[in-house]
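Analysis of the macromolecular model
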Amino acid sequence: MKKMFLFILIGSALFAQNKTYTQRADSVLALMTLEEKVGQLVQYSGDWATGAAQGRPSETSDELLKKGKIGSFLNVVSSEKTMKLQKIAVEQSRLKIPLIFGLDVIHGYFSTFPVPIGEASSWNPTLIEKSARMQAIEASSAGIHWTFNPMVDIARDPRWGRIMEGSGEDPYLGSLMAAARVRGYQGKDLSANNTILACVKHYAAYGGAEGGRDYNTVDLSERNLREFYLLPYKAAVEAGAGSLMASFNEIGGVPSSASKFLMTDILRGEWKSDAFVVSDWNSIGELIPHGVAKDRMKAAELGIKATVDMDMETSAYFYHLAELVKEGKVDIKLVDDAVRRVLIAKFKLGLFDDPYKYCNVEREKKTIKSKEIVDATREVAQETLVLLKNEKNILPLSKSLKSIALIGPLVKSKDNPLGGWSALGDSNDVVSVYEGLTQKLGKNVKINYAEGCTILGKNKSGFATAVKAAKASEVVVVFVGEHRGMSGEANSRATLDLPGVQEDLVKELKKTGKPVVVVLMNGRPLTIPWLQENVNAIIEAWYPGISAGIVIADALFGDLNPNGKLTVTFPRYVGQVPIYYNYKNTGRPHDPTNHYTSYYMDLENSPLYPFGYGLSYTTFEYSAPTLSKTNIKKDESLTVTVEVKNTGKFEGKEVVQLYIRDLVGSVTRPVKELKDFAKISLKPGETKKVEFTITPEKFKFYDINLKHVVEPGDFKVFVGTNSVDVKEASFTVVE
Ligand code: NOJ
C-alpha cells in the first residue's frame, strides 16, 4: 500500500509537464531518505554479481540497485544490458528512479571517427557537430545516455598523451569545437531518444600538467587560467552542457575535486550553471595521496563541499556521506543540491517519462554501423589530413604509375587507425591503408609491400626487403608513426621522436634515390626535422578511424585535396616544449645581434610547423587586409576584408585565419591571438572575399585588476594561411 502511494506521488510529480525541471526534481527529492539521496550520487563501473572489487561494497550490484544505492553506471554497454539494470532500478527499488548510463564515447561508439585532435584539424565546427551527432545516434541506440566528452583541455605540451583527445592549444578554436561537440551530442532536444548528455572535461586545466606527465601538478596564475584554459569549458557550459567532470590535477595546491573556487565560485557562481559534476575515476579518493584528506571520509567531505555531485568509483560517498550528514559535518542542503542536479539531468533526458527509451534491441541493430554513420566517418576524415610538405608538387601521385612501394608498420595495420579511444570500435571495420590503396589502384599498378620494421623495437632485419621493394618501384610511400596506445590517458612521453627504428628505415629508403612520401599516424606532434629536411612529402593523418585507407588513398592520388590545418604547434626538438603560438613577447624578445635575449644557444626558437599550418595541392594568394575603419570607439566593431584567390590547378579548401595583437596593455598580451577564421572552398582561378567582424568582445582581456575590459590603444590585425604567414594592418581603439 505504501509502495503504491509513493508510486502515485512520483507519477503525479513526474508527469506534470508544466513543472520546471527543478520543481520536478524537488518533488522527488522530498520523498527520498538520506540513503536514497546518497545513492543518486554514487557511480560504479560495470555491473557485478558476486564479490567486491577493490574498495567496492560486497553486495551485488543488483542488491544495491534494489536499495536505491546506485545512481549511475559507466561502462555498461548494449541496450540489453542497460535494460536489465534499468529494470531493477525502476521496478524493484522503492522510488523507481532511473539510472543514467555513461560511457567514454570520444570519437565514436562502434563506428570510429578520427581522433579529436584530427577532427579539430578540420577547423570545421559544423563537421565536428555532425560527428558528435552521429556518435550520439549510435551510442544512444545501445542504451548509453551520457558521454564523457567533449574533452576540452587546452594542451601546449605534446609530451602529454591526452593532447590526442582534445582540440589543441588555442582557446578560441577550442571553444568553438567544445560548443560544437556539445550541440552534436545533446542535439536540439535532450529528451529525444537519440541525444545524449555531454560531459565537459577535465575541469580544469588538466592539460597544464608539469613536464607533460599525466596526472601531474598544475600551477597556473588566475590570469592564465581565465584567459586561456577556462574558455573552452565556459563555451561548452554556455552551449548547454549538462555535466562536467572534475579533473585529477591540482591547481596551485588545490585538487579540482576539492576546489570550491572552480566548482562553487566559477561554475555555479560566475557561469550560473546547474550542470552536475561527476568526479573523475577515483579522483575523490585521490584527495588522500594528494595530501589534502587523511582518509576517505574526509575526502568525501571535501568533494561534496566543493559541489562535486557524483562520485565515480571511489565509494567515498557510498560509505561516508550519510554519516557526515548525521554527524553534522556536511549540511544536508549540499547533498540535496547535488541530488537535485543529478535528477534534473535525468528529467532532461526524459528518463523519468520512459526509462527504457534507449533500450530497443531492434533500433540498436539497425543503427550500429548504419550507412549514414559510416559515411559520416569518411566525410569527417576527409577534412582532417594535414599536408606538411609537398616538394615540387610530388603529390598527388599519378594514377598512371606502374609501381609503388608501400612500406612501414602502419600499411596493413587495421588496429592503429582506430586511434586512442575507440570505445567499441572494431579493427575488422577499418579499411587499412593497404586495402584502400589496392582498391584504388586495381591491377594496373604493381604494389611492392614491405613492413620494414615494427613501430616499437630495434629490429632492422626487415630493412633489406623494404629497400628492395623501394628499388623496384617508381615511388615510395612510407607509413610510420605511433602505436595507438602511445597517446591518451597515462601515455606521456619524454621524447617526441618517431618511436623505434622507423626514422632509420626512412633514411635507408631515402638512400635508394626514389621519391619518398611519408604518411604519419600519431596522436601528438612529433619531432621530425629530419623528415622535413629530407623526404619529398609528408601527410599528417593522425588516426583517421575506420575510413583511414579510403581517405589516405584518395589524398595520395588527388581524389581528395588535403585541407586540414594544425591546431597544435610542432616543435623541432622536445626541449622547446611547452611551445605555442600565442606566447608573450618577453622584455627581451630574440634579437640575433644581441646575446642577452630570449633564445636557445643550440636551436632556433621557431617551431617546425606553426599553429594553423597546413598546405594544399593548390596555392592561395591573399590580398592585404582592408579595415572598415582605423579608429574605433571601445564599444564599436570593425570589419576586416581580405580577398583570397586560388592560384593553382586544383580545387581546394582554405582556412583563412584572423589574429590580433594588442600592442600595449595594462598587462602583457600575447604576440598573436586567433580571433576568427573561415573555411572556404575555391575552384582554380576563383577569388572569394572573406569578411570578418571584430566585435569589442574580441578585444577584451583581463586587465591588471582581472576585470574583463576593452582598453583603448593600438592593435595589429593579421590575416593569413597560418599563424606565421600573414599580412597585417593596424587600427586604434579610442575612449
Ligand atoms: C578517467 C579519465 O581521465 C576520464 O577521461 C574518463 O572519462 C574516466 N576515466 C571514465 O572512463
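Anything mentioned here points back to the structure above.
Residues numbered from 1 in each chain as written. Predicted model: local features only at pLDDT ≥ 70, side-chain atom pairs only at ≥ 80, totals over all residues. Heavy atoms only, no water.

**What about the overall build of the chain?**
A tally of helices and strands in the chain yields 23 helices and 27 strands. Whereas a compact globule of 735 residues would reach a radius of gyration of roughly 27 Å, the chain reaches 27 Å, a difference of no more than 12%. Here the chain holds 735 residues, and the buried ones make up 61% of them. Taking all contacts inside the chain whose residues are at least 6 apart in sequence as the whole, residues at least 24 apart take part in 78%. On the chain, roughly 27300 Å² of surface is accessible, and the fraction owed to carbon and sulfur atoms is 51%. Positive and negative side-chain charges of the chain, numbering 91 and 87 respectively, have mean locations separated by a distance of 3 Å. (Helix = DSSP H or I, 4+ residues; strand = E, 2+ residues; numbered from the N terminus. Rg over C-alpha atoms; globule rule 2.2 N^0.38 Å. Buried < 20%, exposed > 50% of the residue type's maximum accessible area, 1.4 Å probe, protein only. Contact = heavy atoms within 4.5 Å. Areas by Shrake-Rupley, 256 points an atom, 1.4 Å probe, with all protein chains shown as cover. Lys, Arg positive; Asp, Glu negative; His and termini not counted. Charge placed at Lys NZ, Arg CZ, Asp CG, Glu CD.)

**Side note on the environment of valine 568**
Checked against the element boundaries, valine 568 lands in the loop between helix H22 (548-556) and strand E17 (620-622). With a relative accessible area of 1%, valine 568 lands in the buried category. Here the alpha-carbon distance between valine 568 and arginine 296, two residues 272 residues apart in the chain, equals 39 Å. Among all residues touching valine 568, those that are not within four sequence positions of it are Ile117, Ala155, Ile163, Gly168, Glu169, Pro525, Trp542 and Phe611.

**A word on the packing of aromatic side chains**
Per the counting criterion, the structure on display carries 26 aromatic pairs. An angle of 85° between the planes, with centres 5.2 Å apart, marks the rings of tyrosine 44 and tryptophan 48 as edge-to-face. Summarising the burial analysis for this pair, tyrosine 44 and tryptophan 48 share the class buried. Ring centres of tyrosine 109 and phenylalanine 110 lie 5.6 Å apart, and the angle between their planes is 85°; on these two criteria the pair is classed as edge-to-face. Among the aromatic residues, ring-to-ring pairing joins Trp123, Tyr172, Tyr581, Phe611, Tyr659 and Phe677 into one connected group. (Phe/Tyr/Trp six-rings, centres within 6.5 Å; stacked < 30°, edge-to-face > 60°.)

**With respect to the site of the ligand**
Near the ligand you find 13 residues, and of these Asp104, Arg162, Lys201, His202 and Asp280 are the closest. At 2.6 Å, a side-chain N or O of histidine 202 approaches an oxygen atom of the ligand. Notes on the ligand: free accessible area 290 Å², of which the protein chains cover 94%. For the shell around the ligand, the class distribution of residues is seven nonpolar, one polar and five charged. (Near = heavy atom within 4 Å. Polar contact = N/O pair within 3.5 Å; in protein donor to acceptor, adjacent residues only side chain to side chain. Nonpolar A, V, L, I, M, F, W, Y, C, P; charged D, E, K, R; others polar.)

**Focus on the pattern of salt bridges**
Going through the model one piece at a time under the given rule, you end up with 54 salt bridges. Among the ionic pairs, arginine 162 bridges to glutamate 165, the shortest N-O distance being 2.7 Å. Glutamate 165 matches arginine 162 in its accessibility class, with the two residues each being buried. Residue aspartate 504 is joined to lysine 460 by a salt bridge in which the shortest nitrogen-to-oxygen separation is 3.2 Å. With a gap of 44 residues between them, aspartate 504 in helix H20 (residues 502-510) and lysine 460 in the loop between strand E13 (446-450) and helix H19 (463-471) connect regions that are remote in the sequence. Its relative accessible area of 28% is what places aspartate 504 among the partly exposed residues. (Salt bridge = Lys/Arg side-chain N within 4 Å of Asp/Glu carboxyl O.)

**Remarks on unusual backbone geometry**
Note that the residue after asparagine 149, namely proline 150, is joined by a cis bond; omega there is 10°. Mapped onto the secondary structure, proline 150 falls in the loop between strand E4 (146-147) and helix H8 (171-186). A cis amide bond links tyrosine 203 to the next residue, alanine 204, at an omega of 10°. When you line up the elements, alanine 204 lands in the loop between strand E5 (199-203) and helix H9 (222-229). One non-glycine residue, lysine 369, adopts positive backbone phi at about 60°. Among the secondary structure elements, lysine 369 is positioned in the loop between helix H16 (361-367) and helix H17 (371-381).

**As for the packing of helix H18 (residues 433-441) against H22**
Relative placement of two packed helices is described by the angle separating their axes and the distance separating the axes. Between H18 and H22, the shortest axis-to-axis distance is 7 Å and the interhelical angle comes to 50°. Classified by the angle their axes make, H18 and H22 are oblique. As for how H18 packs across H22, the hand of that crossing is right-handed. Each of Val433, Gly436, Leu437 and Lys440 in H18 lies in contact with H22, whose residues at this interface are Gly549, Ile550, Ile552, Ala553, Asp554 and Leu556. Of the residues that constitute the contact of H18 with H22, the class distribution is six nonpolar, two polar and two charged. (Axes fitted to C-alpha atoms, helices over the stretch in contact; angles between N-to-C directions. Parallel < 35°, antiparallel > 145°, perpendicular 65-115°, else oblique. Left-handed = near helix turned anticlockwise from the far one by under 90°.)

**Considering helix H7 (residues 125-140)**
With 16 residues, H7 should reach 22 Å at 1.5 Å per residue; the first-to-last C-alpha distance of 22 Å fits that figure. Burial of H7 is extensive: 13 of the 16 residues sit out of reach of the surface. (Expected span 1.5 Å × (residues − 1).)

**What about the environment of arginine 226?**
Among the secondary structure elements, arginine 226 is positioned in helix H9. Linking arginine 226 and arginine 156, residues 70 residues apart in sequence, is a C-alpha distance of 16 Å. A distance of 2.8 Å separates a polar atom in the side chain of arginine 226 from a polar atom in the side chain of glutamate 222.

**Quick look at the side chain of asparagine 249**
Relative to the helices and strands, asparagine 249 resides in the loop between strand E6 (243-246) and strand E7 (250-251). One polar contact links the side chain of asparagine 249 to the main-chain carbonyl oxygen of alanine 204, over a distance of 3.1 Å. Residues contacting asparagine 249, with those up to four places away along its chain left out, are Ala204, Ala205, Tyr206, Asn216, Val218, Val254, Pro255, Ser256 and His290.

**Here's the deal with the sheet that holds strand E21 (residues 652-662)**
As summarised here, the arrangement of the five strands in space is E19-E27-E26-E21-E22, forming an open sheet in which the pairing is mixed. Only two strands of the sheet have a single partner each, and these edge strands are strand E19 (631-633) and strand E22 (673-682). Between one strand axis and the next, the sheet turns by 25° as a mean value, whatever way the strands run. (Pairing = 2+ DSSP bridges.)

**Some points on the sheet that holds E6**
Ordered by their spatial adjacency, three strands build an open sheet running E5-E6-E9, and the pairing between neighbours is parallel. Looking at the sheet topology across the chains shown, the edges are occupied by E5 and strand E9 (276-278). Between one strand and the next, the sheet's axes are offset by a mean angle of 30°, whatever the strand orientation. Against the sheet, helix H10 (residues 231-238) makes contact with E5 and E6, and its axis sits at roughly 160° relative to E5, the strand it touches most.

**Considering the pairing of E13**
The two faces of a sheet get side chains in turn, since along a regular strand they alternate between them. Direction of pairing for strand E12 (residues 403-407) relative to E13: parallel, over a ladder of five bridges. For alanine 405, the partnering residue across the bridge sits in E13 and is asparagine 448. Considered for its hand, the β-α-β crossover made up of E12, H18 and E13 is right-handed. (Right-handed = clockwise from strand over helix to strand, strands pointing away.)

**Structural notes on helix H15 (residues 332-348)**
The terminal C-alpha atoms of H15 lie 24 Å apart, and with 17 residues this matches the ideal 24 Å at 1.5 Å per residue to within 8%. Judged by how many residues are buried, H15 sits mostly within the fold: 12 of 17 residues are covered. Those residues of H15 not exposed but buried are Val335, Asp336, Asp337, Ala338, Val339, Arg341, Val342, Leu343, Ile344, Ala345, Lys346 and Phe347. The first or second residue beyond H15 is glycine 350, which carries a positive phi of 80°.

**Observations regarding the pairing of strand E14 (residues 475-481)**
Of all seven residues that make up E14, seven are buried, and the element is covered over most of its length. What you see with E14 is no split at all: Val475, Val477, Phe479 and Gly481 on one side and Val476, Val478 and Val480 on the other are buried throughout. Looking at chain direction, E12 and E14 are connected through four bridges and run parallel. Note on E14: the bridge partner recorded for isoleucine 407 is valine 478. Sheet analysis places E14 next to strand E15 (residues 516-521), joined by six bridges and oriented parallel. Residue pairing across strands places valine 477 opposite valine 517, the latter belonging to E15. Viewed along the sheet, the connection from E14 through H20 into E15 turns out right-handed.

Geometric descriptors of this kind do not, in isolation, establish any biological role.
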